[in-house]
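These are the residues of each chain, in order.
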Protein chains: 2
Amino acid sequence: MNQHANQKPDYEREMRRAGVRITRPRKIILQILGDTDDHPDAMEIFQRASAIDSSISLSTVYRTMKLLEGMGAIHRHAFDGGRARFEQASGEHHDHLIDIDTGDVIEFHSTKIEALQEEIARELGYDIMHHRLELYCRKRRKG
Amino acid sequence: MNQHANQKPDYEREMRRAGVRITRPRKIILQILGDTDDHPDAMEIFQRASAIDSSISLSTVYRTMKLLEGMGAIHRHAFDGGRARFEQASGEHHDHLIDIDTGDVIEFHSTKIEALQEEIARELGYDIMHHRLELYCRKRRKG
DNA sequence: TTCTTAATGCAAACGATTTGCAATTGCATT
DNA sequence: AATGCAATTGCAAATCGTTTGCATTAAGAA
């Protein structure tokens, strides 16, 4: 389901190079992340992984997400609501519009907003290390 | 410490009107919130309250924060890092710049950014219900 | 002052995530 | 292909922030 035409990064190669073992659970999780365009949480990933290999544990999902995050392979998001959600790090930076009714996430990017953010931080004497812009929305009813 | 010259809202009156009892713990917590300009978390509020009346419990702090949030008296923020942080709701809408080294929070507002957000959501067919813009920053070293 | 009920403190429950540990398994080595 | 060992796993228990059940206390109306 991954429509991104961009070069799919070869995380297995990168992991090997980092001396990290390519295990069965990791292969499966990597495959799941590569096959989706949505922003699943650990439990969803765990369930999708369980369907492929029922012996995988939730701990391993969490540990793998942390590993991949450390490698820069995925991004972790703390949208409203309990669980962290993850997305593959391929592609450029973007912000998120969250449909509060469905949980759907739409990615967007605004160079103008980013520039304004930089300007604000600079005026306050700060450098932005990272930022978070989330629009919690409801579908506009036509009319 | 509250520098806000704006009318300090009388939450006790409002609570009374809503049929909510003005208890000793609530008085103390309200006083703490009114006396600060920072964004304390529940534990900090609990500790400040304990210094005034050591019998206050953390549960009551949480319950009171929820009550006040429901009244619109405070806003709850989920900045990076475990705990929720609170601020008095007086004043206009603003976003936050968080100093990742000290945890300090600076409030700012950009009409331009807000307008751009609206534009983006509109183009995607959504109405913004609420949003979140947080800049995680480090003090610029002079040079 | 009495009375009713909301509010409290405590401890236990909670949901998401992390961790200790013994058992397993990549994989570099023979 | 067999060996060895550290990295990784699954499991259960622990952790962290927050919420909740319940018996007790105390607002505040009568």
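These remarks concern the structure in this document. (Residues numbered from 1 in each chain as written. Chains lettered and ligands numbered in written order. Predicted model: local features only at pLDDT ≥ 70, side-chain atom pairs only at ≥ 80, totals over all residues. Heavy atoms only, no water.)

## A look at the protein's contact with DNA strand D
The criterion, for reference: Think of it this way: one heavy atom of a residue within 4 Å of a molecule or strand is enough to make that residue near it. Each polar contact in these results corresponds to two N or O atoms within 3.5 Å; when the atoms are within protein, one needs to be able to donate a hydrogen and the other to accept it, and residues that are neighboring in sequence are counted only if both atoms are side-chain atoms. The helix and strand labels rest on DSSP assignments: H or I over at least four residues marks a helix, E over at least two residues marks a strand, and numbering proceeds from the N terminus. Think of it as three bins: nonpolar holds Ala, Val, Leu, Ile, Met, Phe, Trp, Tyr, Cys and Pro, charged holds Asp, Glu, Lys and Arg, and polar takes everything else, Gly as well.
Lining the immediate environment of DNA strand D, one finds 20 residues, of which S55 and T60 of chain A together with I22, Y62 and R83 of chain B sit closest. One nitrogen or oxygen atom from the main chain of I56 of chain A is found 3.5 Å from a phosphate oxygen belonging to DNA strand D. In this structure, a base nitrogen belonging to DNA strand D sits 3.2 Å away from a side-chain N or O atom of R21 of chain B. Where the surface near DNA strand D is concerned, the elements lending two or more residues are α2 (24–34) and α4 (58–71) of chain A together with α4 (58–71) of chain B. Broken down by element, the surface near DNA strand D gets its largest block of residues, four residues, from α4 of chain B. Within the surface near DNA strand D, the residues separate by chemical class into six nonpolar, six polar and eight charged.

## Section: the relation of the copies chain A and chain B
The test is simple: Superposition of the copies was done by least squares, using only C-alpha atoms of residues whose pLDDT is at least 70 in both. It only takes one pair of heavy atoms within 4.5 Å for two residues to be counted as in contact.
Mapping chain A onto chain B is achieved by rotating through 179° and translating by 0.0 Å along the same axis, at an RMSD of 0.1 Å. The symmetry that links the two subunits is that of a two-fold axis. Taking C-alpha positions as the reference, the residue of chain A nearest the rotation axis is L133 of chain A, at 2.2 Å. Comparing interface residues between copies, 100% of those in chain A also lie at the interface in chain B; the contact surface is shared.

## Overview of the packing of helix α2 (residues 24–34) of chain B against helix α3 (residues 42–52) of chain B
Residue and element names in this part refer to chain B. Selection rule: Between N-to-C directions, angles cover 0 to 180 degrees, with each direction set by a line fitted to C-alpha atoms, over the stretch in contact for helices. Note on angle classes: values under 35 degrees are labelled roughly parallel, values over 145 roughly antiparallel, values of 65 to 115 roughly perpendicular, and the remainder oblique. Crossing chirality is assigned from the near helix's rotation relative to the far helix, an anticlockwise turn below a right angle marking it left-handed and a clockwise turn marking it right-handed.
Here α2 crosses α3 at 120°, and the two axes come no closer than 10 Å. Considering the angle they form, α2 stands oblique to α3. For the pair α2 and α3, the sense of crossing is right-handed. Every residue of α3 that contacts α2 at R24, I28, I29, Q31, I32 and L33 is listed here: I45, R48, A49 and I52. Among the residues forming the contact of α2 with α3, the class breakdown is seven nonpolar, one polar and two charged.

## Comments concerning the interface of chain A and chain B
Cut-off, in case you're wondering: Put simply, buried area is how much 1.4 Å-probe accessible surface two parts lose in total, over both of them, once they are put together. Salt bridges are identified by distance alone: a Lys or Arg side-chain nitrogen within 4 Å of an Asp or Glu carboxyl oxygen.
If you look at the interface, chain A gives 33 residues, while chain B gives 33 residues. Roughly 3,300 Å² is buried in total at the junction of chain A and chain B, and carbon and sulfur atoms are behind 63% of that figure. On the chain A side of the interface with chain B, the three residues burying the most area are Y126, R132 and R140 of chain A, jointly 24% of the side's total. For the interface between chain A and chain B, the tally reads six salt bridges. Among the salt bridges present, the one from R140 of chain A reaches D127 of chain B, with a minimum N-O distance of 3.1 Å. Where chain A touches chain B, the interface holds 26 residue pairs in polar contact (both at pLDDT 80 or more). Take the side of chain A that touches chain B: its biggest share by element is 14 residues, from strand β5 (residues 126–139) of chain A. Looking at side-chain class alone, the side of chain A that touches chain B contains 18 nonpolar, five polar and ten charged residues.

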